[in-house]
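# Summary of the model geometry
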Amino acid sequence: MTRIPVALRREIVDRAGGCCEYCRLPVSELMFALEIDHVIPEKHGGPTTADNLSLACLRCNRRKGSDIVSFDWETGQRVDLYNPRTMRWDDHFNYQEDGLLASLTAIGAMTIKFLLLNTIERVDERRSLTQYGLYPCNPPRQI
Ligand SMILES: [Zn+2]
């Protein structure tokens, strides 16, 4: 794993506004710090550059690992996972006040399933944060 220079790490954190770029949890409400994710993993040739890095919470980063695609057994189709550097979050996900994340696309649905974004624990957490106006965390700018 490549060591990410401090200036680049700060750029990634600032760009994301302290939000996990996958589930949109704010870093201020997490037990652990957010991590820098290689969207296209190094083992697939992904560079350590701003256009290939994202900010991810521990749970999203661990679930994503080095995956960039999954397989939908119902349709028999290969489905890309959400890529925060080339896709807009709002095009693929919709937050509902009951804590659930709804998918707007096959990519959104696969990412929700693959990252386990709608487990009871995560839905309860989002619903609780919503009551205090802490969710969803919105990054200052998107692609
Ligand atoms: Zn997350």
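Look above for the structure.
Values in this document were obtained by computation on a predicted structure and should not be read as measured data.

Let us look at the state of the cysteines. According to the stated counting rule, one finds one disulfide in the structure shown. Two residues, C19 and C137, share a disulfide whose sulfurs are 1.9 Å apart. Given an S-S torsion of about -70°, the disulfide between C19 and C137 has left-handed geometry. Taken together, the residues C19 in the loop between α1 (6-16) and β1 (35-38) and C137 in the segment after α5 (120-131) connect sequence positions 118 residues apart.

A separate point is unusual backbone geometry. Here the bond from Y135 into P136 is cis, since omega is -5°, no more than 30 degrees from zero. Position of P136 relative to the elements: it lies in the segment after α5. Of note in this structure, R24 is not a glycine but carries a positive phi near 70°. Mapped onto the elements of the fold, R24 is located in the loop between α1 and β1.

Grouped together as the largest cluster of nonpolar side chains are 34 residues, with contacts concentrated most on C20, Y22 and C60. Only α1, β2 (53-56), β5 (93-95) and α4 (106-114) provide two or more residues apiece to this core. A total of four residues in this core trace back to one element, the largest contributor, which is α4. Contact partners of C60, with chain neighbours within four places excluded, come to C20, Y22, C23, L115, L117 and R122.

Let us look at the pairing of strand β3 (residues 69-72). Relative to strand β4 (residues 77-80), β3 is paired through four bridges, and the arrangement is antiparallel. Pairing of F71 across the sheet is with R78, part of β4.

When α4 is considered as a whole, its buried residues turn out to be I107, G108, M110, T111, I112 and F114. The inward-facing, buried residues of α4 contact α2 (58-64), β3, β4, α3 (89-92), β5 and β6 (101-103). Phi turns positive, to about 55°, at L116, one or two residues after α4.

Inspection of the entire model under this criterion finds nine salt bridges. A salt bridge links K64 to D37, with the nearest nitrogen and oxygen atoms 3.3 Å apart. A residue pair is termed long-range when its members are at least 10 positions apart, and K64 in helix α2 and D37 in strand β1 qualify at 27 residues. The exposure class of D37 is buried, given its relative accessible area of 2%. Where D91 meets R88, a salt bridge forms, and the shortest distance between an N and an O atom there is 3.8 Å. R88 sits in the partly exposed class, given a relative accessible area of 33%. Linked by salt bridges that have partners in common, R59, E121 and E125 make up one network.

What counts as what
Residues numbered from 1 in each chain as written. Predicted model: local features only at pLDDT ≥ 70, side-chain atom pairs only at ≥ 80, totals over all residues. Heavy atoms only, no water. Disulfide = S-S within 2.5 Å. Helix = DSSP H or I, 4+ residues; strand = E, 2+ residues; numbered from the N terminus. Core = buried A, V, L, I, M, F, W, Y, C linked by side-chain atoms within 4.5 Å. Buried < 20%, exposed > 50% of the residue type's maximum accessible area, 1.4 Å probe, protein only. Contact = heavy atoms within 4.5 Å. Pairing = 2+ DSSP bridges. Salt bridge = Lys/Arg side-chain N within 4 Å of Asp/Glu carboxyl O.

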